[in-house]
Amino acid sequence: MSEFTKKIKKNVSANVCFSALVGFLLLCSFSPEAFSQGSSANNPQAFQVDPAVDAAVNARLGKGARKISINDCVVFSIYHSFDVELAKLDLYVKETDLMYKEAVFDAFILGGASYAEDKRQQLSVFAADDKQTNEYYVEVEKTLPTGTELSAKWSDTRSWSNTVYTSKNPSHSAELLFEAVQPIGKNIFGYVDRGKVSLTRLAIESADFEMKDTIETFIAKVEKLYWELVFEKKSLEIYEDMLNRAKTLYESDKKNFNIGMIEKVDLLNSEANVEKRKAEFIASENAYRRAEENLKLAINLEEETRIFPEESLDFEYMDKTLPYCLEEAFEYRQDYKEKKKDVEVMGLDLLIKANEKWPEVDLNASLAMNGVEVKFDKAFGKTTVADNTYYYAGIEVNIPVENREARAEYKRVNFEKEKAIVELKEKERTIITEVGNAYRDVRTFQTSLQYFGRAVELQTEKLSEEEKRFEYGRSSTKRIIDYQRDLLMAELENALFLLKHRKANVELDKSTGIIYEKYKDQI
């Protein structure tokens, strides 16, 4: 200890007036208000944002900074994010499969024309050695939902030859032909065709559930990123508060050192504390910027725009019961609905595969009317007269002897149905576990935050009392620095648990499937 300090202490112990004077000078230079500058509110759970702090943050971010709420953030992301757009496009692509399956019922128009001339030498003197043939036809084909294959064909053949042994030369042979084929075995009355269309519709519904689940997962991600930004903003405020406290302590120590009340080591310790708090504040600013950029990327916001959150890390009590949360999950979970739909799809597909093992049994019927005349119009007119008719009716049977392909397909789908049932049961267990874990996390953080809030209050009170002792020379700089660090750690841990509490609430909402329900009107 220096001789100057020893003399000061000797004089202080010998002269009460001088001690009072020093105390008065210290009180004027280092008031309690200086320590309270930038400190947190008495209630550490509230974390209400001071308008002045908002203004300061806005000033640091620039004039173009945008204040954004979590609802605005989610709605903006729904309309602008790549993830949501890709999920919707996947569903749109899947919906086109329905048109492919329904194409089996499309109508087709076929047509053709040909010309042939034959001047080859013939063996018989009665045969013509110069023949010309023109053929034209138009046909319409259509498959009905009952599996009935219908076709109507009109054709005309014009023939000419240089022989004299034909009664009509040239001649037109026009014909109107109707055909129908009705399966009564495999694909009986169109069962397979309609079943495949129904399978596609069910698959599209399953894809819709998948899209909703993808969007819900993305919204949960955005909400978590938003709360991380809120946490970094709160951390920045805490570090700024501690930096101000360190600066205030350093200014006081400089005055005390000048009048010989403290040693130089205390002044150096106080200055080092300021430098450390500056480094922490700079690192906190970078962490805020990182969280900001991550959120902007998720919601696809322009790179130049700066944002800061409107909400704060306030405590939100959850009063739901676990049975209620489980009931919500089984009602709203999109992935659970998707698994249930998969079981329905496999069940229908199994029935289709069972029918495909049947033999092919088709009823065939045909009706033809024709007319042969020299002129085309007369030949065509006779095609509508019932005198020149042709009828045919029959049955065709195709029985596969081994039918290994159809039997293998049936077995495969049967196993896939059993697999879908097992996956559904697994999903049920998974939902119960996920909801239970998320629910307990929320409850745990709610309980822990009560103790953390109390710890922050006690650390704040402890530092305040020690600052009062310091004013009267009954404490040291090191102890004040230690107590400031204790308060800093308590506030940061409290803020971290508030962040975990917020994320746990988001995870609980996601595990119960209510996130999509909240924003479905905007999607």
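Keep in mind that this is a model prediction, so the values were computed, not measured.

Enquirer: Honestly, the packing of helix α12 (residues 404–471) against helix α13 (residues 477–512) in this entry has me stumped. Any pointers?
Expert: When two helices pack together, you describe them by how their axes are tilted relative to each other and by the distance separating the axes. Running from N to C, α12 and α13 point in directions that differ by 160°, and their axes come no closer than 8 Å. Classed by the angle they form, the pair α12 and α13 counts as roughly antiparallel. Pair α12 / α13 crosses with left-handed handedness. Of the residues contributing to the contact of α12 with α13, the split by class is 18 nonpolar, 12 polar and 12 charged.

Enquirer: Sorry if this is basic, but what is going on with the pattern of salt bridges here?
Expert: In a structure, side chains of opposite charge can pair up when their charged atoms sit close to one another. Under the defined criterion, the tally for this structure stands at 42 salt bridges. The partner of Asp 335 in a salt bridge is Arg 333, and the shortest N-O contact between them spans 2.8 Å. We classify Asp 335 as buried; its relative accessible area is 11%. Accessibility expressed as a relative area gives 4% for Arg 333, which makes it buried. A salt bridge links Arg 412 to Glu 416; the nearest nitrogen and oxygen atoms lie 2.7 Å apart. With Arg 412 and Glu 416 both in helix α12, this residue pair falls 4 residues apart, about one helical turn.

Enquirer: Help me understand the side chain of Lys 341 in this model?
Expert: Its place among the elements puts Lys 341 in helix α10 (residues 334–356). When its relative accessible area of 13% is taken as the criterion, Lys 341 is described as buried. Once residues within four sequence positions are removed from consideration, Lys 341 is found in contact with Leu 202, Glu 205, Ser 206 and Phe 209.

Enquirer: Is there a simple way to explain the packing of helix α5 (residues 70–80) against helix α7 (residues 191–258) in this structure?
Expert: Here α5 crosses α7 at 140°, and the two axes come no closer than 10 Å. Between α5 and α7, the interaxial angle falls into the category oblique. The chirality of how α5 crosses α7 is right-handed. Along the contact surface, α5 presents Ile 70, Cys 73, Val 74, Ser 77 and Ile 78, while α7 presents Phe 218, Ile 219, Val 222, Glu 223, Tyr 226 and Trp 227.

Enquirer: Even after reading the chapter, I still don't get the packing of aromatic side chains, so can you show me in this structure?
Expert: Given two aromatic rings, one states the distance between the centres and the angle between the planes to describe the pair. Evaluation of the coordinates by the stated rule reveals 5 aromatic pairs. A ring pair is formed by Trp 154 and Phe 376, whose centres lie 6.0 Å apart and whose planes are at 90°; its orientation type is edge-to-face. Note that Trp 154 is positioned in strand β4 (residues 149–161) and Phe 376 in helix α11 (residues 376–381), a separation of 222 residues in sequence. Of the residues examined, Phe 376 reaches a relative accessible area of 36% and is grouped as partly exposed. With 5.6 Å between their ring centres and 80° between their planes, Phe 445 and Phe 497 make a pair best called edge-to-face. Of this pair, Phe 445 sits in helix α12 while Phe 497 sits in helix α13, placing them 52 residues apart in sequence. Joined through ring pairs, the aromatic side chains of Phe 445, Phe 452 and Phe 497 make up one cluster. Sitting over the ring of Tyr 410, Lys 357 keeps its end group 4.1 Å from the ring centre. Over the ring of Phe 497 we find Lys 500; its NZ or CZ atom is 5.0 Å from the centre of that ring.

Enquirer: Before we go on, may I ask you to explain the nonpolar core in this structure?
Expert: Nonpolar side chains tend to gather and get buried jointly when the protein is soluble and globular. Among the nonpolar cores identified, the biggest contains 84 residues, and Val 222, Tyr 226, Trp 227 and Leu 295 are the most heavily contacted of them. The dominant element in this core, judged by the number of residues it contributes, is α7, at 25 residues. Within the second largest apolar cluster, 5 residues are counted, among which are Trp 154, Leu 176, Met 369 and Ala 379.

Enquirer: Sorry if this is basic, but what is going on with α5 here?
Expert: An α-helical turn contains 3.6 residues, so any two residues separated by three or four positions project in the same direction. Restricting attention to buried positions, one finds in α5 the residues Ile 70, Cys 73, Val 74, Val 75, Phe 76, Ser 77 and Ile 78. Contact partners of the buried residues in α5: β1 (66–68), α6 (82–102), α7, α8 (264–299) and α14 (514–519).

Enquirer: Please explain a nonpolar patch on the surface as it appears in this structure.
Expert: A contiguous nonpolar surface patch, about 550 Å² in accessible area, is contributed by Ile 184, Phe 189, Leu 363, Ile 395, Val 397 and Ile 399. Within the secondary structure, Ile 399 sits in the loop between β8 (389–398) and α12. Judged by relative accessible area, which is 58%, Ile 399 ranks as exposed.

Enquirer: Sorry, what's going on with the confidence of the model for the protein here?
Expert: Caution applies to low-pLDDT parts of the model: their predicted coordinates are not meant to be read in detail. Across the protein, pLDDT averages 85, with 87% of residues at or above 70. Across the protein, the secondary-structure element scoring lowest on mean pLDDT is helix α3 (residues 32–35), at 33, and the one scoring highest is helix α9 (residues 322–332), at 95. This stretch, residues 1–54, has a pLDDT under 50; its non-local contacts, to residues over four places away or in other chains, come to 70 contacts.

The rules behind the values
- Positions within a chain are numbered from 1, following the residues in the order the chain's sequence is written.
- Given that the model is predicted, a residue must reach a pLDDT of at least 70 before its local features are reported, and side-chain atom pairs must reach 80 or more before they are shown or counted; all residues, however, enter totals for whole chains, interfaces and linings.
- With hydrogens and water excluded, all non-hydrogen atoms of the structure serve as input to the side-chain values.
- Each axis is a line fitted through C-alpha atoms, taken for helices only over the stretch in contact, and angles between the N-to-C directions span 0 to 180 degrees.
- Secondary structure elements follow DSSP: runs of H or I no shorter than four residues count as helices, runs of E no shorter than two count as strands, and numbering proceeds from the N terminus.
- Oblique is the label for any angle not under 35 degrees, not over 145, and not in the 65 to 115 range, which are roughly parallel, roughly antiparallel and roughly perpendicular in turn.
- We call a crossing left-handed when the near helix sits turned anticlockwise from the far one by less than a right angle, and right-handed when that turn is clockwise.
- Three classes are used, and their members are as follows: Ala, Val, Leu, Ile, Met, Phe, Trp, Tyr, Cys and Pro are nonpolar, Asp, Glu, Lys and Arg are charged, and the others, Gly among them, are polar.
- When a carboxyl oxygen of Asp or Glu lies within 4 Å of a side-chain nitrogen of Lys or Arg, that pair is called a salt bridge.
- To sort residues, take the accessible area from a 1.4 Å probe on protein chains only and compare it with the maximum for the residue type: under 20% means buried, over 50% means exposed, and anything in between is partly exposed.
- The contact rule is simple, with two residues in contact once any of their heavy atoms fall within 4.5 Å.
- For this analysis, a ring pair means two rings from Phe, Tyr or Trp (six-membered ring only for Trp) whose centres lie within 6.5 Å, classed as stacked if their planes differ by under 30 degrees, edge-to-face if by over 60, and tilted for the remaining angles.
- Lysine NZ or arginine CZ positioned within 6 Å of the ring centre and within 35 degrees of the ring normal marks a charge as sitting over the ring.
- In these notes, a set of buried Ala, Val, Leu, Ile, Met, Phe, Trp, Tyr and Cys residues joined through side-chain atoms within 4.5 Å is what counts as a nonpolar core.
- Every patch collects residues that have over 30% relative accessible area and no salt bridge, joining them within 9 Å if they carry like charges and within 5 Å if they are nonpolar side chains (Val, Leu, Ile, Met, Phe, Trp, Tyr).
- Computed with the Shrake-Rupley method and a 1.4 Å probe, the accessible areas treat only the protein chains shown as cover for residues.
- Per-residue confidence from the predictor is reported as pLDDT, a score between 0 and 100.

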